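Results of the structural survey
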Amino acid sequence: MNGAPALSARGLRKSFGETEVVRGVDIEVPPGECFGLLGPNGAGKTTTLKLCLGLSDPDAGTIELLGEPVPRRAREARRHVGVVPQFDNLDPDFTVTENLVVYGRYFGMQVREIEARIPQLLEFAGLAGRAQAKIQTLSGGMRRRLTLARALVNDPKLIFMDEPTTGLDPQARHLIWEHLRHLTLEGRTLVLTTHFMEEAERLCRRVAIMDHGRIIAEGSPRQLVARHIESQVVEVHGQGIEAWMARAASLVPRVERAGETVFCYASDVKPVLESLAGQSELVYLHRPASLEDVFLKLTGRDLRD
Amino acid sequence: MNLARRYAPPALSARFWPVWQRNFLVWKKLALPSILGNLADPLILLFGLGYGLGAVIGELEGTSYFAYLAGGFVASATMYAATFESLFSAFSRMHVQRTWEAIVNAPLTLDDVVTGEWAWCASKALAAGVAVLIVVALFGYVSSALALAAIPVVLLIGLAFGALGLSINALASSYDYFSYYLTLALTPMMILSGVFFPVERLPEAIQAIAVVLPLYHGVAIVRPMLSGALAPGLLVHLAVLAAYAIVAFYVAVVLTRRRLLK
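Residues numbered from 1 in each chain as written. Chains lettered and ligands numbered in written order. Predicted model: local features only at pLDDT ≥ 70, side-chain atom pairs only at ≥ 80, totals over all residues.

To continue, consider the overall build of chain B. A tally of helices and strands in chain B yields 11 helices and two strands. Ordered by position from the N terminus, the helices and strands of chain B form the series α-α-α-β-β-α-α-α-α-α-α-α-α. Burial analysis of chain B (262 residues in total) assigns 48% to the buried set. Long-range contacts, defined as pairs at least 24 residues apart, comprise 79% of the intrachain contacts of chain B with a sequence gap of at least 6. (Helix = DSSP H or I, 4+ residues; strand = E, 2+ residues; numbered from the N terminus. Buried ≥ 20, exposed ≤ 12 C-beta atoms within 10 Å, placed from the backbone. Contact = placed C-beta atoms within 7 Å.)

This is how it looks when you write it as structure tokens:
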């Protein structure tokens with residue numbers, strides 16, 4: 001495994017009926033990296049993950065997961081892989097402990113071996129006092145953490161996460177992020193899909209932005225911001241925005257309008273801020289450009305579903 | 001999934017076992033109500049018809065009507081237990097709870113999952129069939145130790161109907177879908193398979209339908225065993241049940257692959 005990528009996919013293509021949802025995707029993730037696959041709904045992220053896990057056969061392309069060719073030896077590869085799915089699929093008939101034991105058995109582990117790992121897994125998930133709790137009594141955040149703990153039952157080298165924090169409140173989300181950082185510090189490889197840019201910016205060393213089945217940009221979050229977008233943003237809305245926008249267009253290189261809000265992008269936004277100084281009707285927010293701005297620039301502002 | 005892989009024979013491996021264990025663990029929590037549930041329906045019918053209708057009919061084919069019915073109900077209770085497990089319970093694991101999705105993220109294939117479910121449906125059917133057998137034995141309607149030989153036959157009936165149910169499950173869009181199978185396939189099968197009355201009394205055209213039904217062959221084997229006789233044509237009956245089990249299992253695997261491995 002030394003030096004070889006933990007996951008490498010080349011030229012992946014996949015169609016469902018007439019629609020090609022993955023259209024030539026290349027991914028390479030070195031061991032120990034946290035890699036983010038970003039994209040709007042329907043971009044092909046989940047399908048790409050399924051292809052990498054060997055749960056769906058690509059129409060074209062090759063995949064190697066932890067040194068094993070996929071889908072041919074996907075079963076062997078999955079022995080050392082953990083998965084946090086997009087939708088909760090914990091076993092509702094079982095307690096917290098039973099969920100972990102039953103899941104560990106799928107990996108061929110002995111019950112004793114699994115039980116030895118449980119205290120550590122529950123500690124990690126912040127569920128130490130809840131070993132015997134029924135799944136129905138757990139909050140959304142607790143279930144998500146248990147799903148994460150379940151994905152670690154086989155001590156995986158690589159963990160796939162499909163939108164790990166969707167539907168969680170900020171406290172729960174920050175806690176999960178903390179856990180994920182901890183996992184990368186232990187040397188595990190993480191591959192996550194998300195449409196929270198903030199999540200990707202905080203966690204991922206490298207991200208790829210995917211749209212319409214293709215990867216349209218790739219690099220570290222900082223690189224992507226530097227490469228694709230001006231460093232400062234001013235968002236403006238309020239009475240008289242039309243008239244002001246006409247003027248703003250001459251002050252900065254790029255002005256965009258979405259509904260009633262005007263976005264001004266520039267490396268130097270001083271002229272914009274000066275022009276806003278006398279406009280009490282207009283409300284504005286001045287902030288550094290983020291990955292979300294890159295994402296919206298590259299994938300557009302139109303709704304996807 | 002390419003066609004060659006979709007239609008390939010099921011890849012059997014010992015990995016199906018944890019799936020069986022998972023279902024067993026759920027069942028253990030509710031074992032008593034579950035067995036009573038599987039028993040109540042056939043036993044109410046059996047005792048009602050056996051004593052009630054039996055009083056009118058008297059003897060049938062040389063035994064009391066109750067004894068006649070008992071042989072049929074061991075087979076039909078097995079059929080229903082396998083069917084309900086492979087329809088409603090498997091559907092909630094596959095579709096509602098997404099349990100199968102969780103399992104195939106581990107080093108199990110969908111073939112392992114379907115195999116585990118199949119083995120589980122047959123086990124539950126075995127428990128139901130044996131429970132009915134024990135009850136009729138307690139009431140004195142089993143007159144030979146050969147009845148023990150009905151136990152593996154019950155398992156085979158469970159495998160056949162479990163596999164048929166899993167095939168239907170792979171096609172279902174919701175629980176409602178199953179009423180078609182229950183009312184259009186199983187209810188007529190229950191009537192035409194010699195559970196309540198000898199098929200030989202029916203018009204020949206209908207007899208021709210009866211002999212292709214799996215339950216007919218199950219009843220034909222089990223009933224004489226309870227009174228210590230082997231059915232004429234035993235091997236043919238066994239072969240038909242085994243063929244149903246094997247072919248339906250293959251169909252169940254292919255249809256489930258088509259549904260879940262896109």
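Time to look at the sheet that holds strand β6 (residues 81–84) of chain A. Residues and elements named next belong to chain A. With mixed pairing, six strands are arranged side by side in an open sheet as β6-β7-β8-β3-β9-β10. Two strands close off the open sheet at either side, each with one partner strand: β6 and β10 (214–219). The mean angle between the axes of side-by-side strands here comes to 15°, regardless of whether they run parallel or antiparallel. Bridge count between strand β3 (residues 34–38) and strand β8 (residues 189–194): five bridges; the pairing is parallel. Within β8, the position partnered with Phe35 by the bridge is Val191. Those strands touched by helix α5 (residues 140–151) are β6 and β7 (158–162), and its axis lies near 165° from that of β6. (Pairing = 2+ DSSP bridges. Axes fitted to C-alpha atoms, helices over the stretch in contact; angles between N-to-C directions.)

Each assigned domain of chain A is listed here: domain 1 (7–226) and domain 2 (230–288). Put simply, the middle of domain 1 of chain A and the middle of domain 2 of chain A, counted by C-alpha atoms, are 39 Å apart. (Domains from an automatic or database assignment.)

Owing to its 3.6 residues per turn, the α-helix aligns residues three or four sequence positions apart on the same side. Those residues of helix α11 (residues 291–299) of chain A not exposed but buried are Leu291, Asp293, Val294, Phe295 and Thr299 of chain A. Gly300 of chain A sits one or two residues past α11 of chain A and shows a positive phi near 85°.

The next subject is the confidence of the model for chain A. For chain A, mean pLDDT is 93; residues scoring 70 or higher make up 99% of the total. Of all secondary-structure elements in chain A, the lowest mean pLDDT belongs to helix α9 (residues 241–248) of chain A, at 88, while helix α3 (residues 96–106) of chain A reaches the highest, 98. (pLDDT = per-residue confidence, 0-100.)

With that settled, the discussion passes to the pairing of strand β1 (residues 7–16) of chain A. A regular strand places its side chains so that they alternate between the two faces of the sheet. Residues and elements named next belong to chain A. In this sheet, strand β4 (residues 60–65) lies alongside β1 in antiparallel orientation, the contact comprising five bridges. Opposite Ala9, over in β4, you have Ile63 as the bridge partner. Pairing analysis gives eight bridges linking β1 to strand β2 (residues 19–29), with the strands arranged antiparallel. Residue Phe16 lies in a different strand from β2, and its bridge partner there is Thr19. Hairpin remark: β1 followed by β2, antiparallel, with two residues in the connecting loop; positive phi at Gly17, about 65°.

What follows deals with the confidence of the model for chain B. Residue and element names in this part refer to chain B. Overall, the prediction assigns chain B a mean pLDDT of 95, with 100% of residues at 70 or greater. For chain B, the element scoring lowest by mean pLDDT is helix α1 (residues 3–6), at 87; helix α7 (residues 150–171) scores highest, at 98. We note a pTM of 0.92 for the whole complex and an ipTM of 0.91 for its interfaces.

Time to look at the packing of helix α3 (residues 31–57) of chain B against helix α6 (residues 110–138) of chain B. All names here are of chain B. One can describe the packing of α3 onto α6 by two numbers: an axis separation of 10 Å at closest approach and a directional angle of 55°. By the angle between their axes, α3 is oblique relative to α6. Considering only the axes of α3 and α6, their crossing is right-handed. Seen from α3, the contacting residues are Ile35, Asn38, Leu39, Pro42 and Leu43; seen from α6, they are Ala127, Ala128, Ala131, Val132 and Val135. For the contact of α3 with α6, the per-class residue count stands at nine nonpolar, one polar and no charged. (Parallel < 35°, antiparallel > 145°, perpendicular 65-115°, else oblique. Left-handed = near helix turned anticlockwise from the far one by under 90°. Nonpolar A, V, L, I, M, F, W, Y, C, P; charged D, E, K, R; others polar.)

Further remarks concern the sheet that holds strand β5 (residues 68–70) of chain A. The strands that make up a sheet pair up through hydrogen bonds in the backbone, lying either parallel or antiparallel. Residues and elements named next belong to chain A. On the basis of which strands lie adjacent, the open sheet formed by four strands has the order β2-β1-β4-β5 and antiparallel pairing. Each edge of the open sheet carries a strand with a single partner, namely β2 and β5. On average, each strand axis in the sheet is inclined to that of its neighbour by 25°, with strand direction left out of account. In the packing of helix α1 (residues 45–53) onto the sheet, the strands contacted are β1, β2, β4 and β5, and the crossing angle to β1 comes to about 120°.

Moving on, we get to the environment of Gln132 of chain A. Residues and elements named next belong to chain A. Examined against the element boundaries, Gln132 turns out to sit in the loop between α4 (111–125) and α5. Spatially, the C-alpha atom of Gln132 lies 18 Å from that of Glu113, the residues being 19 residues apart in sequence. Setting aside anything within four residues of it in sequence, one finds Gln132 in contact with Thr95 and Thr97.

This brings us to the interface of chain B and chain A. Of the residues lining the interface, 23 residues belong to chain B; the matching set on chain A comes to 21 residues. The set of elements that each furnish at least two residues to the side of chain B that touches chain A consists of α2 (17–29) and α5 (99–104) of chain B. The element that contributes the greatest number of residues to the side of chain B that touches chain A is α2 of chain B, accounting for six residues. Of the residues that constitute the side of chain B that touches chain A, the class distribution is 11 nonpolar, six polar and six charged.

We now examine the nonpolar core. Nonpolar side chains in soluble globular proteins generally cluster together in the buried interior. Judged by nonpolar contacts, the single largest core of 167 residues is most densely connected at Cys264 of chain A together with Ala70, Val74, Ile157, Ala160 and Ala163 of chain B. Element by element, the count of residues in this core is highest for helix α4 (residues 65–96) of chain B, at 19 residues. Counting contributing residues, this core receives three or more from each of domain 1 (7–226) and domain 2 (230–288) of chain A. Once residues lying within four places of it in the same chain are set aside, the contact partners of Ala163 of chain B are Trp118, Ala245, Ala248, Phe249 and Ala252 of chain B. (Core = buried A, V, L, I, M, F, W, Y, C linked by C-beta atoms within 7 Å.)

Before going further, it helps to examine unusual backbone geometry. All names here are of chain A. Look at the link from Val70 to Pro71: it is a cis peptide, with omega at 10°. Topologically, Pro71 is positioned in the loop between β5 and α2 (74–78). In the Ramachandran plot, Leu66 falls in the positive-phi region, its phi being about 50° despite a non-glycine side chain. Summarising the element assignment, Leu66 is placed in the loop between β4 and β5. Residues other than glycine seldom take positive phi values, yet His212 does so here, at roughly 50°.

This paragraph deals with the packing of α4 of chain B against helix α10 (residues 214–226) of chain B. Residues and elements named next belong to chain B. Where α4 contacts α10, the axes come no closer than 7 Å and their chain directions differ by 135°. Considering their axes alone, α4 and α10 lie oblique with respect to each other. With respect to the hand of their crossing, α4 and α10 are arranged in right-handed fashion. Packed against α4, whose contacting residues are Ala70, Gly71, Gly72, Val74, Ala75, Ser76 and Met79, the element α10 presents Leu215, Gly218, Val219, Val222, Arg223 and Leu226 at the interface. When its residues are assigned to classes, the contact of α4 with α10 shows eight nonpolar, four polar and one charged.

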